[in-house]
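One-letter residues, chain by chain:
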Amino acid sequence: MSNLEFIKYKIRPSKHFILGWIRKWGWDEEDLRRSLENNYKIDKVGKYKYESYVKNKNKSRKIIFVVDEEYKEIFVITGAEGK
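Reading guide: rules and limits
- Residues numbered from 1 in each chain as written.
- Predicted model: local features only at pLDDT ≥ 70, side-chain atom pairs only at ≥ 80, totals over all residues.
- Heavy atoms only, no water.
- Helix = DSSP H or I, 4+ residues; strand = E, 2+ residues; numbered from the N terminus.
- Rg over C-alpha atoms; globule rule 2.2 N^0.38 Å.
- Salt bridge = Lys/Arg side-chain N within 4 Å of Asp/Glu carboxyl O.
- Buried < 20%, exposed > 50% of the residue type's maximum accessible area, 1.4 Å probe, protein only.
- Pairing = 2+ DSSP bridges.
- Axes fitted to C-alpha atoms, helices over the stretch in contact; angles between N-to-C directions.
- Contact = heavy atoms within 4.5 Å.

Asker: Give me the overall build of the chain: which residues, what numbers.
Answerer: Check the secondary structure of the chain and you find two helices and five strands. Along its sequence from the N terminus, the chain presents helices and strands in the succession β-α-α-β-β-β-β. For 83 residues, the compact-globule estimate of 2.2 N^0.38 gives 12 Å, and the C-alpha radius of gyration of the chain, at 12 Å, lies within 12% of that figure. For the C-alpha atoms alone, the extent of the chain along its principal axes is close to 35 × 25 × 20 Å.

This is the structure:
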């Protein structure tokens, strides 16, 4: 999945991701879209599941999501943060 393809999809974060990571990181939906578009690495870890890696200052953040081709939707499952 390339960065240009994110423009075509609706992004829907899970409740877990909203209450946990978006709140902790101080993001909104636009920040989430921007971070998915400006990632430095994407790994495909399943048939529909991906891991996107984003640099933010000195920290690396991982966003785990599933792509639904039929509904043109990205469902963000969870995230993680490293140093």
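Asker: Describe the pattern of salt bridges, and please don't skip the residues or the numbers.
Answerer: On inspection of all chains with the given rule, the structure shows seven salt bridges. Measuring nitrogen to oxygen at the nearest pair gives 3.8 Å for the salt bridge that ties Lys41 to Asp43. A residue is classified by how much of its surface remains accessible, and Asp43, at 25% relative accessible area, is partly exposed. Glu81 is the salt-bridge partner of Arg61, the closest N and O atoms lying 3.2 Å from each other. In this pair, Arg61 is assigned in strand β4 (residues 59-68) and Glu81 in strand β5 (residues 73-82), connecting sequence segments 20 residues apart. Assessed through its relative accessible area of 8%, Arg61 is described here as buried. One salt-bridge network, in which partners are shared between bridges, spans Lys24, Arg61 and Glu81.

Asker: Quick rundown of the pairing of strand β3 (residues 49-56)? Include the residues and the values.
Answerer: Where strand β2 (residues 41-44) and β3 come together, four bridges link them in antiparallel fashion. Pairing of Asp43 across the sheet is with Glu51, part of β3. Remark: four residues form the turn of the hairpin made by β2 and β3, two consecutive strands paired antiparallel. Bridge count between β3 and β4: eight bridges; the pairing is antiparallel.

Asker: Can you break down the sheet that holds strand β1 (residues 10-13) residue by residue, with the values?
Answerer: Across a sheet, paired strands are connected by hydrogen bonds in the backbone, their directions being either parallel or antiparallel. With respect to topology, five strands assemble into an open sheet ordered β1-β5-β4-β3-β2, the strand pairing being mixed. Each edge of the sheet is formed by a strand with only one pairing partner; in this case those strands are β1 and β2. On average, each strand axis in the sheet is inclined to that of its neighbour by 30 degrees, with strand direction left out of account. As defined by bridge partners, β4 adjoins β5 across nine bridges and the pair is classed as antiparallel. Bridge pairing links Lys62 to Ala80 in β5. Set on the sheet, helix α1 (residues 15-25) makes contact with β1, β4 and β5; between it and β5 the angle comes to about 45 degrees. In the packing of helix α2 (residues 29-37) onto the sheet, contacts are made with β1, β3, β4 and β5, and the angle to β1 comes to roughly 115 degrees.

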